Amino acid sequence: ENREIDKIIKRWMYLSSVREVGWIKEFTPTYFKSSKVFKRYLGQIKNAKFSPDGTKIVSSSWDATIKIWDIESGDVIKELKGHTDRVNDAQFSFDGTTIVSCSHDNTIRLWDVQSGIEIKTLEGHTEAVTSIDISPDGRFIVSGSKDENIKLWYVQSGQIYETVYIGSSVHDVKFSSNGRDIIVASNWELKMLDLALIERVSSDNKSIGIGTHDLFERVIKTRNENTVMKMHNFCDSRNYFVASCLETGTIQISDIASGTTQYLNTYLAGASDIKYFPDGKTIVACLTDHTIRLWDPRSGEEIQELKGHSGPITSVAVSRNGNAIVSCSQDGTIRLWTPF
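Residues numbered from 1 in each chain as written. Predicted model: local features only at pLDDT ≥ 70, side-chain atom pairs only at ≥ 80, totals over all residues. Heavy atoms only, no water.

Per an unreviewed UniProt entry, the protein chain carries the name WD repeat-containing protein and comes from Reticulomyxa filosa.

Below, the structure written as structure tokens:
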């Protein structure tokens, strides 16, 4: 702990000495400490994410359950049961009233947060559903599966809007933060799909299947064909970046506008999840060596290393205001990290 504090002090001294140089003048990173541990699992927790207002956490587990936690009390306020196999992903809707989950039971389920009751089940994938995301406008859910397809679903009706064949098992799928693209992580590639083009093709009643490579705006290969575990994106009026954590522990940052790629420090441990902070100035990733690392993506410098978990960390997420990090692990715990 003292060594970590020394590292923080040295970085503060460095920033103060160069505070008039370019973008450094504008950016002082936030440093975090472990502030709360949630313990109610006997087995592996798959992921944990914040509610939009930052007062709750939703977690999913290999025991086929989903839990909603009150952050202030640390208590489970709802336990959602319905999936029949491990739950791979769960997240709140943008208004915080609904949770969307996906599972190895091949289904996607929607839940009412207040009552904990299942609203509907979405069926269509033929193998495990590995990842889900909700479009920024709340109209669509996108899902990725081991059946090598992604599917777009209408949130309101629960009906399939379109299916796109990817060609290999999907590890992660996300809407871009501007809502224009769908980004798919599959084996050692990132594929970017134009949502507007998918909508036009669908409205023309054309089938989207094998060989629809024209839908892919861009295909980004990883270095040495390393498998993409998870990815996240940040875009604003001037920038568009996709950060990927690779199986080998490498962090790959792709600048979509310029087509350039940057690599951050490679560790002996594998990387399992990655997130941008809301302002795009910090990246946080979790590693199988039980640590969480924060980087400045522009300089490539590591900002902080967080320790506390006793097992490989499976997921990491950042609150909407950027003032908290949540992580979960195979050690059966969820940890909340807040600023010093």
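Remarks on the confidence of the model for the protein chain
Per-residue confidence for the protein chain averages 88 on the pLDDT scale, and 87% of its residues sit at or above 70. Scored below 50 in pLDDT, residues 18–25 makes nine contacts in the model with residues more than four places away or belonging to other chains. Scored below 50 in pLDDT, residues 209–213 shows three contacts in the model against residues more than four places distant or in partner chains. (pLDDT = per-residue confidence, 0-100. Contact = heavy atoms within 4.5 Å.)

Overview of the environment of T261
Looking at the secondary structure, you find T261 in strand β21 (residues 261–263). In this structure the C-alpha to C-alpha distance between T261 and R223, which are 38 residues apart in sequence, comes to 9.8 Å. Once residues within four sequence positions are removed from consideration, T261 is found in contact with Q252, I253 and S254. (Helix = DSSP H or I, 4+ residues; strand = E, 2+ residues; numbered from the N terminus.)

Focus: the sheet that holds strand β24 (residues 291–295)
Hydrogen bonding along the main chain pairs the strands of a sheet, whether they run parallel or antiparallel. If you walk across this open sheet you meet the four strands as β22-β23-β24-β25, and the pairing is antiparallel. One side of each edge strand has no neighbouring strand; the edge strands of this open sheet are β22 (271–276) and β25 (302–307). The mean angle between the axes of side-by-side strands here comes to 20 degrees, regardless of whether they run parallel or antiparallel. Pairing of strand β23 (residues 283–287) with β24, which is carried by four bridges, proceeds in the antiparallel orientation. Paired with C286 across the strands is I292, a residue of β24. (Pairing = 2+ DSSP bridges. Axes fitted to C-alpha atoms, helices over the stretch in contact; angles between N-to-C directions.)

A few points about the packing of aromatic side chains
In the structure shown here, the tally under the stated rule is six aromatic pairs. Where F234 meets Y276, the ring centres are 5.9 Å apart and the plane angle is 35 degrees; that geometry is what we call tilted. One end of the pair, F234, is in strand β18 (residues 228–235); the other, Y276, is in strand β22, with 42 residues separating them in the sequence. Across this residue pair, the class does not change: F234 and Y276 are buried. Taken together, the ring pairs connect F140, Y154 and Y161 into an aromatic cluster. Against the face of Y263 rests R223, its NZ or CZ located 3.8 Å from the ring centre. (Phe/Tyr/Trp six-rings, centres within 6.5 Å; stacked < 30°, edge-to-face > 60°. Buried < 20%, exposed > 50% of the residue type's maximum accessible area, 1.4 Å probe, protein only. Lys NZ or Arg CZ within 6 Å of the ring centre and 35° of its normal.)

Quick notes on the pattern of salt bridges
Tallying each qualifying case throughout the model produces 14 salt bridges. Notably, a salt bridge pairs E305 with R293, separated by 3.8 Å at the nearest N-O pair. Of this pair, E305 sits in strand β25 while R293 is found in strand β24, placing the two residues 12 residues apart along the sequence. Using a relative accessible area of 17% as the deciding quantity, one classes E305 as buried. Within this structure, D289, R293, E302, E305 and K307 form a network of salt bridges that share partners. (Salt bridge = Lys/Arg side-chain N within 4 Å of Asp/Glu carboxyl O.)

Section: the sheet that holds strand β27 (residues 325–329)
The strand order β1-β28-β27-β26 describes an open sheet built from four strands, whose pairing is antiparallel. The sheet terminates laterally at β1 (32–39) and β26 (313–318), the two strands that pair on one side only. On average, adjacent strands in this sheet sit at an angle of 20 degrees to one another, irrespective of strand direction. Bridging between β1 and strand β28 (residues 333–339) involves seven bridges; their strand directions are antiparallel. Note on β28: the bridge partner recorded for V37 is R335.

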